[in-house]
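Remarks on the overall topology
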Amino acid sequence: MRDDGLNTLVAGVRCRSVLADLSDYLDGTLAADRLATLQAHLAGCDRCARFGSVAAGVLSALRDGASEAPALAPHTSESLRARLAAVMHE
Amino acid sequence: MEDAALLCASAAGDTRAFGHFVHAHEAAVHRYLRIHAGPVADVDDALQETFIAAWRGASTFRGPGSAKPWLFAIARNALRHLVRRRVGEPAQMESLDALSDSGSFDELAVEAGWGCPADERMLTDAALAREMLEIAMQRLPVEEREILTLRELDGFSGAETADLLQISLPAMKSRLHRARLHLAASLRLTEFPSHRSGLHA
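Residues numbered from 1 in each chain as written. Chains lettered and ligands numbered in written order. Predicted model: local features only at pLDDT ≥ 70, side-chain atom pairs only at ≥ 80, totals over all residues.

The secondary structure content of chain A amounts to five helices and two strands. Element order for chain A, N to C, with α for helix and β for strand: β-β-α-α-α-α-α. Structurally, chain A occupies a C-alpha span of about 65 × 25 × 25 Å along its principal axes. Within chain A, the fraction of its 90 residues that count as buried is 24%. Of all intrachain contacts in chain A linking residues separated by at least 6 positions in sequence, the fraction that spans at least 24 positions is 51%. (Helix = DSSP H or I, 4+ residues; strand = E, 2+ residues; numbered from the N terminus. Buried ≥ 20, exposed ≤ 12 C-beta atoms within 10 Å, placed from the backbone. Contact = placed C-beta atoms within 7 Å.)

Structure follows, in structure tokens:
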């Protein structure tokens, strides 16, 4: 097995195991016992803590940057309304 | 007025109520279609087909609550039909070949920058981050763009997303995790926008 340091054991859990749980952690859906283990690992593992921050930052930028969808272009809006008007009055 | 009331009135032929419903959802549906379909034309066609189907099927909505999952399921079908209509065009859009499709999560995390210094540009410049994210998103496989759009941009819950995609909740979580890691990996490969380089050189 390739070892990029992913088998490093911190607070009783390996980095690869933390990475598998990262999405659940970021979504706040990790079970309480797994959460405590993961937090203990992050407190002692710079690589996982840094990566977790970057991943959280990327998701935050994605959500913040697009919380509201941009308005339709005028031609898109006009053709939608024209088509709907024709259908609704069939 | 809530979606259920608007659609109930629409089902009874109230075109004005349906106009309000369209106004409330058209931008989100259009964004979903655009990101899902990738850089292709005819998204406007799919948008029109979506709302025509919603008008004709308004009585099938079972509220209460937002009609967004119901509407997005219609949009998804509209897009599927559109792609099928195109002769010789693959249903799957371009993906980032450099990213592995079947790697384990930890291998993907290494591609996404685990163990490397953080890219400070993303953390300090929100406008730049948005710009680079848009580019990075377009490189992802269509399924991953779709799940990121639903979960991160449109705020669908895990259960709503799984339902819409017709997959199990564990499968949805797995796809989402892979998509997030691929997005981070794609960002690392995204060139610094040239018109911004002067600010950060």
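All right, on to unusual backbone geometry then. Residues apart from glycine generally show negative phi values, whereas peptide bonds are mostly found in trans. The phi dihedral of Ala 11 of chain A is positive, around 55°, even though this residue is not glycine. If you trace the backbone, Ala 11 of chain A turns up in the loop between β1 (9-10) and β2 (13-14). Look at Gln 166 of chain B: it is not a glycine, yet its phi comes out positive at around 60°. As for its placement among the helices and strands, Gln 166 of chain B is situated in the loop between α9 (158-165) and α10 (169-188).

Turning our attention to the nonpolar core. Residues Val 58 of chain A together with Leu 33, Ala 75, Ala 109, Leu 133, Leu 183 and Ala 184 of chain B are the most contacted members of the largest nonpolar core, which totals 65 residues. Residues contacting Leu 33 of chain B, with those up to four places away along its chain left out, are Val 43, Ala 46, Leu 47, Ala 75 and Leu 79 of chain B. (Core = buried A, V, L, I, M, F, W, Y, C linked by C-beta atoms within 7 Å.)

Residues and elements named next belong to chain B. Chain-level statistics for chain B give a pLDDT mean of 82 and a share of 80% at 70 or above. Mean pLDDT in chain B bottoms out at helix α11 (residues 197-200), which sits at 44, and peaks at helix α3 (residues 43-56), which reaches 95. Scored below 50 in pLDDT, residues 90-100 makes 17 contacts in the model with residues more than four places away or belonging to other chains. This model gives residues 197-201 a pLDDT under 50, and the stretch forms three contacts once residues within four places in sequence are excluded. The ipTM assigned to the predicted complex is 0.85, against a pTM of 0.80. (pLDDT = per-residue confidence, 0-100.)

Right, let's talk about the packing of helix α1 (residues 3-11) of chain B against helix α2 (residues 15-37) of chain B for a bit. Residues and elements named next belong to chain B. Relative orientation of the contacting elements α1 and α2 amounts to 140°, with a least axis distance of 7 Å. Put simply, α1 runs oblique to α2. Viewed along their axes, α1 and α2 form a crossing whose handedness is left-handed. Along the contact surface, α1 presents Asp 3, Leu 6, Leu 7, Ala 9 and Ser 10, while α2 presents Ala 17, Phe 18, His 20 and Phe 21. For the contact of α1 with α2, the residue count by class is six nonpolar, two polar and one charged. (Axes fitted to C-alpha atoms, helices over the stretch in contact; angles between N-to-C directions. Parallel < 35°, antiparallel > 145°, perpendicular 65-115°, else oblique. Left-handed = near helix turned anticlockwise from the far one by under 90°. Nonpolar A, V, L, I, M, F, W, Y, C, P; charged D, E, K, R; others polar.)

It is worth spelling out the interface of chain B and chain A at this point. The interface is formed by 37 residues belonging to chain B together with 32 residues belonging to chain A. Contributions of two or more residues to the side of chain B that touches chain A are made by α2, α3, α5 (105-111), α6 (120-124), α7 (126-138), α8 (142-153) and α10 of chain B. At eight residues, the largest contribution of residues to the side of chain B that touches chain A is made by α2 of chain B.

Our next topic: the environment of Val 22 of chain B. Within the element layout of this structure, Val 22 of chain B appears in helix α2. Overall, the presence of 21 C-beta atoms within 10 Å leaves Val 22 of chain B in the buried class.

A separate point is α2 of chain B. Residue and element names in this part refer to chain B. The terminal C-alpha atoms of α2 lie 29 Å apart, and with 23 residues this falls more than 12% below the ideal 33 Å at 1.5 Å per residue. Where α2 bends most, at His 25, the angle is about 50°. All of the buried residues in α2 are Phe 18, Phe 21, Val 22, His 25, Glu 26, Val 29, His 30, Tyr 32, Leu 33, Ile 35 and His 36. (Expected span 1.5 Å × (residues − 1). Bend = angle between axes of the 7 residues up to and from the residue.)

A word on the packing of α2 of chain B against α8 of chain B. All names here are of chain B. One way to put it is that α2 packs onto α8 with a least axis distance of 8 Å and a crossing angle of 155°. With respect to α8, the axis of α2 lies roughly antiparallel. The way α2 lies across α8 gives a crossing that is right-handed. Together, Arg 31, Tyr 32, Ile 35 and His 36 of α2 and Val 142, Arg 145, Glu 146, Thr 149 and Leu 153 of α8 make up the contact between the two elements. Looking at the contact of α2 with α8, its residues break down into four nonpolar, two polar and three charged.

Our focus in this paragraph is the environment of Asp 27 of chain A. All names here are of chain A. By the secondary structure assignment, Asp 27 is in helix α2 (residues 22-27). Accessibility expressed as a C-beta count within 10 Å gives 14 for Asp 27, which makes it partly exposed. Remark: the alpha-carbon pair of Asp 27 and Ala 56, spanning 29 residues in sequence, is separated by 9.7 Å.

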